[in-house]
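Chain residues, written in single-letter form:
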Amino acid sequence: MADTRWLSEGELDAWMAYLRATHLLERRIEEQLKADSGLTHPHYEILAKLSIAPQRRLRMSDLARRLVVSKSGLTYQIGQLEKRGLVERMDCPSDERGVLAVLTDEGVRCLEKTAPGHVAVVRAFLIDQLTPEELATMARIMSKAAAAMSPNGSHGSHGSPPGSPGESQGGSPNGDRPSPSQADPV
């Protein structure tokens, strides 16, 4: 076993619990996505980000930043989604060097078919296991960690941490959950 003396017992317990939970949740998500649509989690995340973008399109460089992936990694993933007809690439009309990733109608249908199962898994194994206070704490903790890792010390390309007043939550005033077309279904 690796030497863990640089972490206190409590710190090690927290780290190990985090790792176990995230790995198990990721496995459940991958199983659901494969069964419902043959998508991987990165593929689903690409479709979700494009679904909430204006005109269902983003510059590849912007999409890579939002997904926190390399441009070459995104290019590979987009190529796989193009083969399935879920995404297409287009030249950027405002910049001849730019390339847009565009969610196709087939991609929208795939996302709409897959999102309910994805949300059910995330809800069953994470959201419904926590109180509203624990969820708020988790959002603050993860936003703080993300900010520490962000090159500019911010919360990424969106500015506000998830759930903060600066981020739109979608949904209706009566508390209904947003549909996949109203909010990022990730």
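The coordinates are above.
Residues numbered from 1 in each chain as written. Predicted model: local features only at pLDDT ≥ 70, side-chain atom pairs only at ≥ 80, totals over all residues. Heavy atoms only, no water.

Colleague: Any chance you could break down the pairing of strand β3 (residues 95–103) for me, citing the residues and the numbers?
Modeller: Working note: regular strand, side chains alternate between the two faces of the sheet. Strand direction decides the pairing type here: strand β1 (residues 57–59) and β3, joined by three bridges, are antiparallel. Looking at the pairing, Arg57 lines up with Val102 of β3. Direction of pairing for strand β2 (residues 87–92) relative to β3: antiparallel, over a ladder of six bridges. In the sheet register, Met90 faces β3, and the bridge partner there is Leu100. (Pairing = 2+ DSSP bridges. Helix = DSSP H or I, 4+ residues; strand = E, 2+ residues; numbered from the N terminus.)

Colleague: Describe the sheet that holds β3, listing the residues and the values that go with them.
Modeller: With respect to topology, three strands assemble into an open sheet ordered β1-β3-β2, the strand pairing being antiparallel. The sheet is open, and its two borders are formed by β1 and β2, each paired with just one other strand. On average, each strand axis in the sheet is inclined to that of its neighbour by 30°, with strand direction left out of account. Seen against the sheet, helix α2 (residues 41–51) touches β1, β2 and β3 and runs at an angle of roughly 105° to β3. Running over the sheet, helix α3 (residues 60–67) touches β1, β2 and β3 and is turned about 95° from β1. (Axes fitted to C-alpha atoms, helices over the stretch in contact; angles between N-to-C directions. Contact = heavy atoms within 4.5 Å.)

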